[in-house]
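Descriptive analysis of the structure
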Amino acid sequence: MNKPIVVGMGEALWDCLPEGRKLGGAPANFAYHVGQFGWKTVVVSAIGHDALGDEILDRLADVNLEHRIERVSFPTGTVQVTLSGDGIPTYEICENVAWDNIPWTEELEELAKETRAVCFGSLAQRSAVSRNTILRFLGTMNPDSERIFDINLRQSFYSLEVIEESLLRSTILKLNDEEIEVVQALLQLHGTPEEVCRQLIDKYESLRMVILTCGATGSYVFTADDTSYVE
């Protein structure tokens, strides 16, 4: 029997750090780590017709990570990362790049029908092209599949509309202790982080789990009836 497919969908890019380039993008990271548990994983994104795009394909091949990555007429994405004196990173995420233009294809349609779980974020929805592709993928999946919204708020590349449309389609939400403050303000929710997480589960019918990470402090998993916390 074929293994169920888990997809990481969205940005594929190079983080340009002071010590050199590192392959980045939450979808690829998600797919790689899930694959370590024995699942069949696929990365969905787009790259340019350039050397940086070639290097992404080479790196994915090095770790045996399957992908559906289209070549498009935009440059491969990069993020300039600078560190403060305290080691706090700031990010300059280049716009109008390949992963802003992930095309919908017949191959993606077939993949969506076979996907057991997908992880997607808000960053790759900053452009209409990739946003439409992501939403179409979610709509093509089996209704019983898991749709994991790793909200991943960066700079100003998000909106109330994107967040709400994504939550309406999600079964699992993952966010951190900084992002929950933004979400709470945008959605006009009130109370402690735990109360906000439960309000989100109550508000969005398909959402059955919220994962809240709190940096070095620990992390929570909330469901309608239970709470788990690990320091």
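Residues numbered from 1 in each chain as written. Predicted model: local features only at pLDDT ≥ 70, side-chain atom pairs only at ≥ 80, totals over all residues. Heavy atoms only, no water.

1. With respect to the overall build of the protein chain
Here is the rule: Numbering of helices and strands starts at the N terminus; helices are DSSP runs of H or I of at least 4 residues and strands are runs of E of at least 2. Each radius of gyration reported is based on C-alpha atoms, and the globular scaling rule is 2.2 Å times the count of residues to the power 0.38. Here's how the labels work: a residue is buried when its accessible area is under 20% of the maximum for its type, exposed when over 50%, partly exposed in between, all with a 1.4 Å probe on protein chains only. In what follows, a contact means two residues having at least one pair of non-hydrogen atoms within 4.5 Å. Computed with the Shrake-Rupley method and a 1.4 Å probe, the accessible areas treat only the protein chains shown as cover for residues. Positive charges are assigned to Lys and Arg, negative charges to Asp and Glu, while His and the chain termini are left out of the count. The atom standing in for a charge is NZ when the residue is Lys, CZ when it is Arg, CG when it is Asp and CD when it is Glu.
A count of helices and strands for the protein chain gives 7 helices and 13 strands. Taking 231 residues into account, the globule formula puts the C-alpha radius of gyration at 17 Å, and the protein chain, at 17 Å, falls close to it. Along the first, second and third principal axes, the C-alpha atoms of the protein chain reach 50 × 50 × 35 Å. Among the 231 residues that make up the protein chain, the fraction classed as buried is 45%. A sequence separation of at least 24 residues applies to 64% of the contacts in the protein chain between residues at least 6 apart. When the accessible surface of the protein chain is totalled, it reaches about 11,800 Å², and 49% of it is carbon and sulfur. For the protein chain, the centre of its 19 positive side-chain charges and the centre of its 36 negative side-chain charges are spaced 5 Å apart.

2. Some remarks on unusual backbone geometry
The phi angle of most residues is negative, glycine excepted, and most peptide bonds adopt the trans form. Although it is not a glycine, Asn64 sits at a positive phi angle of roughly 55 degrees. Considering the arrangement of structural elements, one finds Asn64 in the loop between helix H2 (51-62) and strand S5 (66-72).

3. Notes on the sheet that holds strand S6 (residues 77-83)
Across a sheet, paired strands are connected by hydrogen bonds in the backbone, their directions being either parallel or antiparallel. Convention followed: We call two strands paired when DSSP finds no fewer than two bridges between them. Axis geometry follows a simple rule: fit a line to the C-alpha atoms, using only the stretch in contact for helices, then measure angles between N-to-C directions, giving values from 0 to 180 degrees.
Strand order in the open sheet formed by 4 strands is S3-S2-S6-S7, and the pairing between neighbours is mixed. Every other strand in the sheet has two partners, leaving strand S3 (20-24) and strand S7 (89-93) as the edge strands with one partner each. Ignoring strand direction, the axes of neighbouring strands in this sheet form an average angle of 30 degrees. Summarising the sheet, strand S2 (residues 13-17) and S6 pair through 4 bridges and their orientation is parallel. Paired with Asp15 across the strands is Val79, a residue of S6.

4. Concerning the sheet that holds strand S11 (residues 209-213)
Reading across from one edge, S5-S4-S1-S8-S9-S10-S11-S12-S13 is the order of the 9 strands in this open sheet, with mixed pairing throughout. Two strands close off the open sheet at either side, each with one partner strand: S5 and strand S13 (227-230). Pairwise comparison of adjacent strand axes, ignoring direction, gives a mean angle of 15 degrees for this sheet. Looking at chain direction, S11 and strand S12 (residues 219-222) are connected through 4 bridges and run antiparallel. Note that in S12 the partner of Ile211 across the bridge is Val221. Packed on one face of the sheet, H2 meets strand S4 (40-48) and S5 and runs near 175 degrees to S5. Strands in contact with helix H4 (residues 128-140) are strand S1 (5-9), strand S8 (115-120) and strand S9 (146-150); relative to S8, the strand with the most contacts, it is inclined by about 150 degrees.

5. Comments concerning H2
For an α-helix the count is 3.6 residues per turn, leaving residues at separations of three or four pointing the same way. As a reminder, the rule being used: A helix is expected to span 1.5 Å multiplied by its residue count minus one. Note: the arc covers the axis-to-C-beta directions of the helix.
With 12 residues, H2 ought to run about 16 Å at 1.5 Å a step, and its terminal C-alpha atoms sit 16 Å apart, in line with that. Here H2 has its buried residues at Gly53, Ile56 and Leu60. Taken down its axis, H2 places every buried residue within 55 degrees of arc, on the same side. Opposite the packed face of H2, turned more than 90 degrees from it, sit the exposed residues Ala51 and Asp62. Packed against the buried residues of H2 are S2, S3, S4 and S5. Once H2 ends, the next one or two residues include Asn64, with phi positive near 55 degrees.

6. Details of the pattern of salt bridges
Where we set the bar: Salt bridges are defined by distance alone: a side-chain nitrogen of Lys or Arg within 4 Å of a carboxyl oxygen of Asp or Glu.
Inspection of the entire model under this criterion finds 10 salt bridges. With a closest N to O distance of 2.4 Å, Glu146 and Arg208 form a salt bridge. Here Arg208 lies in the loop between helix H7 (193-203) and S11 and Glu146 lies in strand S9, a separation of 62 residues in the sequence. For Arg208, a relative accessible area of 39% corresponds to the partly exposed category. The shortest N-O distance in the salt bridge between Asp150 and Lys174 comes to 3.7 Å. Remark: Lys174 occurs in strand S10 (residues 172-176) and Asp150 occurs in strand S9; sequence separation between them is 24 residues. Judged by its relative accessible area of 25%, Lys174 falls in the partly exposed class. Through salt bridges with shared partners, one network takes in Glu66, Arg68 and Glu107.

7. Quick notes on the packing of helix H6 (residues 179-187) against H7
Put simply, the rule reads: Reported orientations rely on four angle classes, namely roughly parallel under 35 degrees, roughly antiparallel over 145, roughly perpendicular from 65 to 115, and oblique for the rest. Each crossing is labelled by how the near helix is turned from the far one, with a counterclockwise turn of less than a right angle marking it left-handed and a clockwise turn marking it right-handed. The nonpolar class holds Ala, Val, Leu, Ile, Met, Phe, Trp, Tyr, Cys and Pro. Asp, Glu, Lys and Arg form the charged class, and all remaining residues, Gly among them, are polar.
Remark: H6 packs on H7, axes separated minimally by 11 Å, with the N-to-C direction vectors making an angle of 55 degrees. By the criterion of interaxial angle, the relationship of H6 to H7 is oblique. Here H6 runs over H7; the crossing is left-handed. Along its contact with H6, which presents Ile180, Val183, Gln184 and Leu187, the element H7 presents Pro193, Val196, Cys197 and Leu200. When the residues that make up the contact of H6 with H7 are grouped by side-chain class, the tally is 7 nonpolar, 1 polar and no charged.

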